[in-house]
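# Coordinate inspection notes
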Amino acid sequence: MYTGEWLGDKRDGYGHQEWPDGSKYEGYWKDGKANGTGKLTHSDGDVYEGEWKNDKAHGKGVYRHFNGAHYEGDWFEDKQHGYGIETWPDGAQYKGNYDDGRKHGQGILTFADGSYYEGEFRNNEINGYGKYYWPDGKVY
């Protein structure tokens, strides 16, 4: 069910859409699609809040998972792309570049035990030149 502004027979302007599964979107529409800023709450409790283009997360935004994990950063066509910070419930965190939804380029991956890797990533994996630091001061 949609409540909001229309232009002709298309959602256009500010509005609120709810789907039968309980998902809901509140924000701006253009030509019947989410465009501009808005918030999508999935039926499982996950939430994306940020910029939209043609029904896809696109620009700056924050995705919060129901389990406590979250990502804040750049999006391109519904995928993490550009710079972002991803944090997991155990305290682990990645700060760095993404390409097509995967860690790719330079980044820092901090593990729950306090050790961290700073360097290159490729296709979501540590790959290339980098340094690994342990809490006791050792470096590889």
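All residue numbers refer to positions counted from 1 along the written sequence of the respective chain. Totals for whole chains, interfaces and linings use every residue, but because this is a predicted model, local features are given only for residues with pLDDT of at least 70 and side-chain atom pairs only at 80 or more, for both listing and counting. To obtain the side-chain values, all non-hydrogen atoms of the structure were used and water was disregarded.

### Examining the environment of Tyr94
Relative to the assigned elements, Tyr94 resides in strand S9 (residues 93-99). Whether a residue is buried, partly exposed or exposed follows from its accessible area with a 1.4 Å probe, protein chains only, as a fraction of its type maximum: under 20%, in between, or over 50%, in that order. Classification of Tyr94 as buried rests on a relative accessible area of 0%. For the pair Tyr94 and Gly107, spaced 13 residues apart in sequence, the C-alpha to C-alpha distance is 6.9 Å. Note on contacts: a residue pair is in contact if any heavy atoms of the two residues lie within 4.5 Å. In this view, Tyr94 contacts Gly84, Ile85, Glu86, Trp88, Lys103, His104, Gln106, Gly107, Ile108, Leu109 and Phe121; residues no more than four positions away in its chain are not counted. In this structure the side chain of Tyr94 is engaged in a polar contact, spanning 2.9 Å, whose partner is the backbone oxygen of Asn97. Only runs of H or I of at least four residues qualify as helices and only runs of E of at least two qualify as strands under DSSP, and these elements are numbered from the N terminus. Polar contact criterion, stated in full: a pair of N or O atoms within 3.5 Å, where within protein one must be able to donate a hydrogen and the other to accept it, and residues adjacent in sequence count only if both atoms are side-chain atoms.

### Examining the pattern of salt bridges
For salt bridges, the criterion is a side-chain nitrogen of Lys or Arg within 4 Å of an Asp or Glu carboxyl oxygen. One pass over the full model with this rule turns up four salt bridges. Put simply, Lys60 and Asp74 hold a salt bridge, and the shortest N to O gap is 2.5 Å. Remark: Asp74 occurs in strand S7 (residues 70-76) and Lys60 occurs in strand S6 (residues 56-64); sequence separation between them is 14 residues. Here Lys79 makes a salt bridge to Asp100, at a shortest N to O gap of 3.2 Å. With Lys79 in strand S8 (residues 79-87) and Asp100 in the loop between S9 and strand S10 (102-110), this residue pair connects regions lying 21 residues apart in the sequence. The exposure class assigned to Lys79 is partly exposed, which follows from its relative accessible area of 36%. Classification of Asp100 as partly exposed rests on a relative accessible area of 36%. When salt bridges with common partners are traced through the structure, they connect Lys79, Asp100 and Arg102 into a single cluster.

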